Amino acid sequence: MAVDPTRRVVALTGASNYLGQGLMRRLADDERCARIVAIDINKPEFEHPKLVYYKVDLTGPASQQVVSRLFQNEGVDTFAHLIFTYTLSRNRTLAHELEAIGTLHILDACSEAGVSRVVARSTTAIYGARPGNPAFLTEDHPVGQRGADTFTADKVEMERQMRQFRREHPAAKVMILRDCTSLGSTSMNYLSSILFARHSPRFFGHDPLMQFIHEDDLFRAYHMGVMGDAEGIFNIVGKGVLRYSEAIERAGGRERILPGVFLKPVTSLLWSLKLYDIPSSYLGHLKYPWVADGTRAAQVLDFVPAHDCFEALDDVRRVRAQRGMGGE
Amino acid sequence: MAKSVLGNDPFLSGPAEKKPATGKSGKTKGAAKPKKASTPKAKPVTVEKPKPKTKPAKKTTAKASKVSKTVKAPSKSKAVSKAKPKTAAGPKAKPKASPKTSRKKTPKKTAPRQSGTGKSARVQPASVAQPESNVQPAEGAAEWASARSKRSLAIGGGDPKLIRRLRPDGFTVGQEYGYDPELSQRAESLLSFFYRFYWRVSVKGIENLPKTGRAVLVGNHAGILPFDSLMVSHAVRREAKRDIWPLMEDYYSYFPVLGPLLSRLGLVRACQENAQRLLAEDQQVLVFPEGIKGIVKPYRNRYRLERFGRGGFVKLCLVSDAPVIPVAIVGSEEVHPIMANLGGLAKTLGLPFFPLTPLFPLLGPLGLAPLPSKWTVIFGEPMYINQFGPEAAGDRTAVNRLSNQVKGQIQKMIDMEIGQRSSRWR
């Protein structure tokens, strides 16, 4: 297909999740983007003349050929890999297939189709919540250290593949955005489900600092990342930090303080009964700090968040109140 | 910094041209960011005549006269003696001259300037207020700022504006490390009680602290709980009207209850990243290089400094270009007379140490109550070890030598003060 070479054709996986939709909305309004190629197993709600949707299951064995042909036909030059088990999936096998193997397939397709720019979504959780963390984790901080849980292991694996892809394709520009917990009317993640639940568990005697990014900022960051030229790893974080207990209070919840010895078994029981959205192996994130430093994004990408963590929490609370959801 | 376990490819460190220094400060490079006001090499501040106190209640640090009865009655402004500006510390040659010779120079001028000179409860002119008070702070910040000023009127504390600056993003320095201005404000009266009546802290040489700019305060460590951190930071906030961030052992920072509490009071977990970041914002940090070895020092060895770690604080100064201010804390090493450290028991309990004092395991937590010794905190003259430049940080011999120099200086200040005090209790 003939495409104006100055305008980009952006493909994205994970198009039906909140980030995919938010990003597509912004790309649709962006002149520099000629067409959006959405790849997902679910059809995104968002529709636009620029948007073409392909239903592809990335875990399927033939997905690489399918995607590769599709990329070539559409003339894709920029690829955003937003596939992400942002809620902690109980189906570990599927999550692994999707994040690790799916990434493998799609990167192979990218190299076959000669995609020149790849942007991948990661998370600041891959630094791990550890007692020895500095107050601000920079991009140079080691990831995937001992003690990391299985949920982050797949993300670490995904990043590893990205780095390998970059080594093998020096001409391609690869960018990894590690974003922190996002909050907003559409965002979904385990932390917001804890914060806005009626009861929020907290470890007795532990009250780590946390950071949140407003989803408007998050979409903007990805938009800048996808349409920009920079490469490298960047933490995408919101403004300011607050303590977990403050966050619960601001979210309108009630904290339930439990000693660690109780909290762990209780959550794993609830998790396995599917009554609760956070597995006990993830509880470290409520105990030790894992706040990342957004300085590099500010300096290199010129991304400065517009909202602070309080505004993000207030926004969610307002939206939930309007919808008549719990937590109030 | 740390290498990735996943391999060490250049990708990790991002675009080389623009790579930010890791220690560099925060996210907002707002216009209102304070310029580094004075170079770290500035001369030590000269003493200025104290202005008449407006608040009679303000405690003036007892003059060093050994007999001083002054302790009991902080309200009588004994301070007056201050009329004689010390000549000694005034124009002091900048020890910049030649690195080789000057190195030994600073130690020469030892700290405890005895009589009278140590007076220090200066009232700071408003000029210390950081320039960004005019920045429009976020509303939350404005809230606590006003709450704080209301409170401080009630409590009789200092003018909040003098002490803390609001950053352009509406958060204060330190909040990103867990500092809680509100709680600290509430705790101030308690700290004040300990400062004035319990340990009757005298301060000497406060004028050696820079009025602006970064500095690394290095002190001797003692006490099962970090009372010395709290007292020194209280002294600096109170007397010098500046923020200071004591660094605490890892162990405290993730101890349940205690860790969050201390960090809300302004203690920051000790690690190079945190310290460099604070110094890059022209803050003062307080470090105790003895670490846990200092804490579990048996009572009979009190005031004999332990090994100064591996010189991390020297590297910090070199890399961040900050001078060292030696601090001798006399009195703190008597608050918990440690008879032994039960290492085996500690290991079983998963603690880094398990001290045995006459009271501690015996009375349970109550046994951790500190004894009311009389404290003197002496700030020595700045040691400009940063003149050797960041490249010296890689030279282990140099780091070690500098570390020992600082240690020697602190030891000297301690010894001098101990020689002069009549009793450890008053």
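Structure: see above.
Residues numbered from 1 in each chain as written. Chains lettered and ligands numbered in written order. Predicted model: local features only at pLDDT ≥ 70, side-chain atom pairs only at ≥ 80, totals over all residues. Heavy atoms only, no water.

Enquirer: Pulling in residues and values, what's your account of the state of the cysteines?
Expert: Tallied over the full model, the rule gives zero disulfides over all chains. Free cysteine Cys 33 of chain A: the closest other cysteine sulfur is in Cys 110 of chain A, separated by 16 Å. (Disulfide = S-S within 2.5 Å.)

Enquirer: Residues and numbers for the nonpolar core, please.
Expert: Ranked by internal contacts, the top residues of the largest apolar core, which has 70 residues, are Leu 195, Phe 212, Ile 236 and Leu 313 of chain A. Residue contacts for Phe 212 of chain A: discarding those within four places in its chain leaves Cys 180, Thr 181, Leu 183, Leu 191, Leu 195, Gly 238, Lys 239, Leu 242, Ala 247, Cys 309 and Leu 313 of chain A. Leu 230, Ala 240, Ile 295 and Phe 360 of chain B belong to the second largest nonpolar core, which has 44 residues in total. (Core = buried A, V, L, I, M, F, W, Y, C linked by side-chain atoms within 4.5 Å. Buried < 20%, exposed > 50% of the residue type's maximum accessible area, 1.4 Å probe, protein only. Contact = heavy atoms within 4.5 Å.)

Enquirer: Which residues make up the environment of Arg 242 of chain B, and what values do they have?
Expert: Residue and element names in this part refer to chain B. Looking at the element boundaries, Arg 242 is found in the loop between α6 (227–240) and β3 (245–248). Separated by 30 residues in the primary sequence, Arg 242 and Thr 212 have C-alpha atoms spaced 8.4 Å apart. Arg 242 has contacts with Pro 210, Lys 211, Thr 212, Gly 213, Val 236, Arg 237, Asp 282, Gln 283 and Gln 284, leaving out every residue within four places of it along the chain. (Helix = DSSP H or I, 4+ residues; strand = E, 2+ residues; numbered from the N terminus.)

Enquirer: So, helix α2 (residues 63–74) of chain A: which residues are in play, and what are the values?
Expert: Note: α-helices contain 3.6 residues per turn, so residues at a spacing of three or four share the same orientation. All names here are of chain A. Over its 12 residues, α2 runs 16 Å from end to end, which matches the ideal 16 Å to within 8%, given 1.5 Å per residue. The set of residues buried in α2 consists of Ser 63, Gln 64, Val 67, Ser 68, Leu 70, Phe 71 and Glu 74. One face of α2 carries all of its buried residues, which in axial projection span an arc of 165°. What points out from α2, more than 90 degrees from its buried face, is the exposed set Arg 69 and Asn 73. Looking at the packing, one finds that the buried side of α2 touches β1 (8–13), β2 (33–40), β3 (51–55), β4 (78–81) and α3 (92–113). Where α2 ends, the next residue or the one after it, Gly 75, has phi of about 70°, a positive value. (Expected span 1.5 Å × (residues − 1). Arc of directions from axis to C-beta.)

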